[in-house]
Amino acid sequence: MRMSEGVEWAMHSCINLSWLDSDEAMTAARLAAFYELPPAYLNKQLQALARAGILSSTPGPRGGFRLARPLERITLLDVVTAIEGPGEAFRCEQVLRKGPVGREDVDYRKACFVSQAMRQAEAAYRKALAAQTLADIRAKVERHVPDTPEITRAWFARRRS
């Protein structure tokens, strides 16, 4: 399964926002500059996070994005769903119906062993994503690269606009 790069960008942006002052709204342009990302494309991801209630968005000259809830309440699945949508990754098109032993009266989305296996695997994948929060990721970063929060805050402080 391949996810768009927007998922990675969204997760990193949320973690970076968690290290900043909670009153400060951060523009998409400033968040994008941190990793040299295209601002318009990152803005689309940030807007999707805002629609999902992960970020809040404030318009205007002092506007931007903030976390709408604590990282402890944002799962990796929340972010993936906000960016990629809620649909299933595997879509059974019932190809067996067109085969030599296919039947019109059978729902192959349920009867097909390939479909069953793929749905089972996707359920496990979603369960694993739902079991981890962005706070878990942030904690690992802080344990292994403890200077990261301060470096992030300092970088954004130098580039106020």
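Residues numbered from 1 in each chain as written. Predicted model: local features only at pLDDT ≥ 70, side-chain atom pairs only at ≥ 80, totals over all residues. Heavy atoms only, no water.

**A few points about the packing of helix α3 (residues 39-51) against helix α4 (residues 76-84)**
Remark: α3 packs on α4, axes separated minimally by 8 Å, with the N-to-C direction vectors making an angle of 115°. Viewed along their axes, α3 and α4 form a crossing whose handedness is right-handed. Contact with α3, carried on its side by Q45, A48 and L49, involves V79, A82 and I83 of α4 and no other residues of that element. Among the residues making up the contact of α3 with α4, the classes are represented as five nonpolar, one polar and no charged. (Axes fitted to C-alpha atoms, helices over the stretch in contact; angles between N-to-C directions. Helix = DSSP H or I, 4+ residues; strand = E, 2+ residues; numbered from the N terminus. Left-handed = near helix turned anticlockwise from the far one by under 90°. Contact = heavy atoms within 4.5 Å. Nonpolar A, V, L, I, M, F, W, Y, C, P; charged D, E, K, R; others polar.)

**Some remarks on the nonpolar core**
Core analysis: the largest hydrophobic core is formed by 34 residues, its most contacted members being L46, L49, V79 and L134. Of all elements in the fold, only α1 (5-18), α2 (28-34), α3, α4, α7 (134-144) and α8 (148-158) reach the threshold of two or more residues within this core. Among the elements that line this core, the one with the most residues is α1, at seven residues. When near neighbours in sequence (up to four residues on either side) are disregarded, V79 contacts V7, A10, M11, L49, I54, I74 and L134. (Core = buried A, V, L, I, M, F, W, Y, C linked by side-chain atoms within 4.5 Å. Buried < 20%, exposed > 50% of the residue type's maximum accessible area, 1.4 Å probe, protein only.)

**Let's talk about the pattern of salt bridges**
Under the definition given, this model contains nine salt bridges. The residue D78 makes a salt bridge to R69 at a minimum N-O spacing of 3.1 Å. R138 is the partner of E72 in a salt bridge, and the nearest nitrogen-oxygen pair spans 3.2 Å. Placement of the pair is E72 in the loop between β2 (64-67) and α4 and R138 in helix α7, with a sequence separation of 66 residues. (Salt bridge = Lys/Arg side-chain N within 4 Å of Asp/Glu carboxyl O.)

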